Amino acid sequence: MTIQIMTRQGLEPAGSHESALNNDHLNDNNRGAATRTGSTSRPMSSYWKRQLACSIIGTLCLIQLVISAMYITPTSDANYSRLMDLPTLQSGVKQADALNANIDVPNSMEYFINITTPRPRPTLVHFDPKFLGGYRNQHMRFVAFVNFAVQNSIPQILLPSIRWGVAQGKHTGRDVSFEYLFDVVHWNEHAEREGLPRLVRYDASVLEGRRRKSSGIIETMDNNNKTRTTSIACFNTSSNLYSGLDATLLRNPNTNIRRVNIWDQIGKLDGHSHCRRSPPSSAGQEQQASDDVDDDAFTYLIAHGGSKGVGRLWADYNKMQRQRGKASQTGTINNRTTIHPEHMPVEKAINTILRPSEAIRNAIKSAIQSSTTSRPKFLALHPRIEHDMMQHRCSRFMEQNLTKIFDHLRGECCHNIDLLFLAVNIELVMGEPSSTFKSDVRELALENAIVLNRTRTYGLFGSESTAGIPMFESGSRTAENILFPEEPMDYSNPDTTPRLASSKSLGITDLVASIVNFFTIVEAERFVGVKGSSFSTDLFAVRYYNGKRSNYILSPEGVKELVGPPPPHSCD
């Protein structure tokens, strides 16, 4: 499921964050206009005009209060359906697209429940409490996880086990459900056609049970995780962790997950040995439990993840990139030869069907539409000039002087462009540089802050006397106003009406901001990114597989068009 995120306002144009709140220059003009009007009108006429204006303003404020109440209070059943990023029959989605074409789909919540209902088949569970790393590094691990399912013919992934992390120091922090960030229904509607596993809810009556050794018949659990003969379920719905794992340790935001060998904990507690199973070697073994367990407890769940250190998923993703290098490099686009081979089929498919929640998509759409024109053409730039990259080993591939970067954009990149979208972490550019920086790096960081501030004020190539290309930003200013359910969703009850909370109050703004920035750039007319950044590298790939061809790599030597998919992410 993807929760529709209600934004109070779209993304704000850069340079208007403060001026939009302080319209003294407009008030001065209005006062002047009122004075001029007053010099030619009768006092009584002015009085009634003021009364009429006050009445209109009062009415508009009342309307705004009613609308706001719909979004900031517990939602009614009618309003709740608007929070769900799910298709309805009225939206043109065919009933046959549901998991079972014979099931009626009266509302979007039931459609979601239907399309995420598990089948009695092997189901991959992510045993780590969350993916590790920044947003796109987590995405790489997600790709490797999905690829493991495909390679082992596992047709389902357990949705509540897929959680994304929010950085809070080194390898610590909060986590958030996959369905709050991404469109699960869209994924499931296209997954089987693309050769990808479906994302399914946990249902003990389908996925867990006990096998009678005498007959081989599987006796499934009910939704209270009980069979006629009590059996231990392999998934804990309270912690959203594989059963037997220490939720107190792994759900603690201060725990460094990279120091915990989670795989070693699986199946060790009494009654949990059946939870430590390997993927089936063939489709014919789908309903066979492991032969090396001492009891007849049965589960379709198969645990997989990264575990200690950088983890298996990171290594598996890098292996996928090395396999790209063995592929044929022959390819042409508009009679031009591509430079790098395409990605593996699994990653290509993911780059095509994974999209953000409707709320995030609406925020992006609002940002673009609220700019200078109804359908502006904008250039997106990801320069990676934040302080954390200034002395990073990957920075040698990047031009980090913002003045030189802007000079490189003159010419083809900015031809017929209405707006500049700059994807940077403002706090990490405008803040005080670290005292540990070398003097020349510190001076460059301060210079970049000045140049960025001028560009936000006057636009790209602009000055006090000449208007430049307007610049707009998104990130945290938009993300912090996006609303999510405050508590985990209860999918057993279609009439659930959750209380909503902002991403800021939930502590997930940074992650949501990264997703907003990423998919804003996907929509750009042209994109300029850098080598050595997983964020830029993945953007090149997603744009390429979605038909967005105008992609450029920025380096100290200048800007060069990238024909075809990007090279694998690397700092070597």
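Everything here concerns the structure above.
Further remarks concern the environment of F540. Its place among the elements puts F540 in helix α20 (residues 534-545). For F540, a relative accessible area of 2% corresponds to the buried category. Between the C-alpha atoms of F540 and L562, which are 22 residues apart in sequence, the distance is 8.4 Å. With near-sequence residues (within four places) excluded, F540 lies in contact with F527, G529, V530, N551, Y552, I553, L562 and P566.

Another point: the side chain of T537. Tracing the backbone shows T537 in helix α20. One polar contact links the side chain of T537 to the main-chain carbonyl oxygen of S533, over a distance of 2.9 Å. In this view, T537 contacts P566, P567, P568 and H569; residues no more than four positions away in its chain are not counted.

Looking now at the packing of helix α5 (residues 108-115) against helix α8 (residues 184-194). A pair of packed helices is characterised by two quantities: the angle between their axes and the separation of those axes. Between α5 and α8, whose axes approach to 10 Å, the crossing angle comes to 45°. Viewed along their axes, α5 and α8 adopt a mutual orientation that is oblique. Note that α5 runs across α8; the crossing there is left-handed. Of the residues in α8, those touching α5 at Y111, F112 and I115 are V184, V185, N188 and E189. Residues that form the contact of α5 with α8 fall into these classes: five nonpolar, one polar and one charged.

Time to look at the pairing of strand β15 (residues 419-422). Both faces of β15 are covered, namely the face carrying L419 and F421 and the face carrying L420 and L422. Regarding topology, helix α14 (residues 402-408) serves as the crossover connection from strand β14 (residues 378-381) to the parallel β15, and that connection is right-handed.

To continue, consider the state of the cysteines. For the structure on display, the rule yields one disulfide. Sulfur-sulfur distance for the disulfide between C234 and C275 comes to 1.9 Å. The S-S bond linking C234 to C275 shows a torsion near -90°; that makes this disulfide left-handed. Within this pair, whereas C234 is found in the loop between β7 (218-220) and β8 (235-236), its partner C275 is found in the loop between α10 (247-250) and β10 (297-299), the two being separated by 41 residues in sequence. Each member of the pair, C234 as well as C275, carries the same accessibility label: buried.

Enumeration according to the criterion identifies 22 aromatic pairs in this entry. With 6.4 Å between their ring centres and 40° between their planes, W164 and F178 make a pair best called tilted. Linking W164 in strand β3 (residues 163-167) with F178 in helix α7 (residues 178-181), this pair joins segments that are 14 residues apart in sequence. F178 matches W164 in its accessibility class, with the two residues each being buried. Relative to F182, the ring of W164 has its centre 5.2 Å away and its plane inclined at 50°; by these criteria the two rings are tilted.

Looking now at the side chain of D175. Take D175: it is sitting in strand β4 (residues 173-177). At 2.5 Å, the side chain of D175 forms a polar contact with the side chain of R163.

What counts and what doesn't
- Residues numbered from 1 in each chain as written.
- Predicted model: local features only at pLDDT ≥ 70, side-chain atom pairs only at ≥ 80, totals over all residues.
- Heavy atoms only, no water.
- Helix = DSSP H or I, 4+ residues; strand = E, 2+ residues; numbered from the N terminus.
- Buried < 20%, exposed > 50% of the residue type's maximum accessible area, 1.4 Å probe, protein only.
- Contact = heavy atoms within 4.5 Å.
- Polar contact = N/O pair within 3.5 Å; in protein donor to acceptor, adjacent residues only side chain to side chain.
- Axes fitted to C-alpha atoms, helices over the stretch in contact; angles between N-to-C directions.
- Parallel < 35°, antiparallel > 145°, perpendicular 65-115°, else oblique.
- Left-handed = near helix turned anticlockwise from the far one by under 90°.
- Nonpolar A, V, L, I, M, F, W, Y, C, P; charged D, E, K, R; others polar.
- Right-handed = clockwise from strand over helix to strand, strands pointing away.
- Disulfide = S-S within 2.5 Å.
- Phe/Tyr/Trp six-rings, centres within 6.5 Å; stacked < 30°, edge-to-face > 60°.

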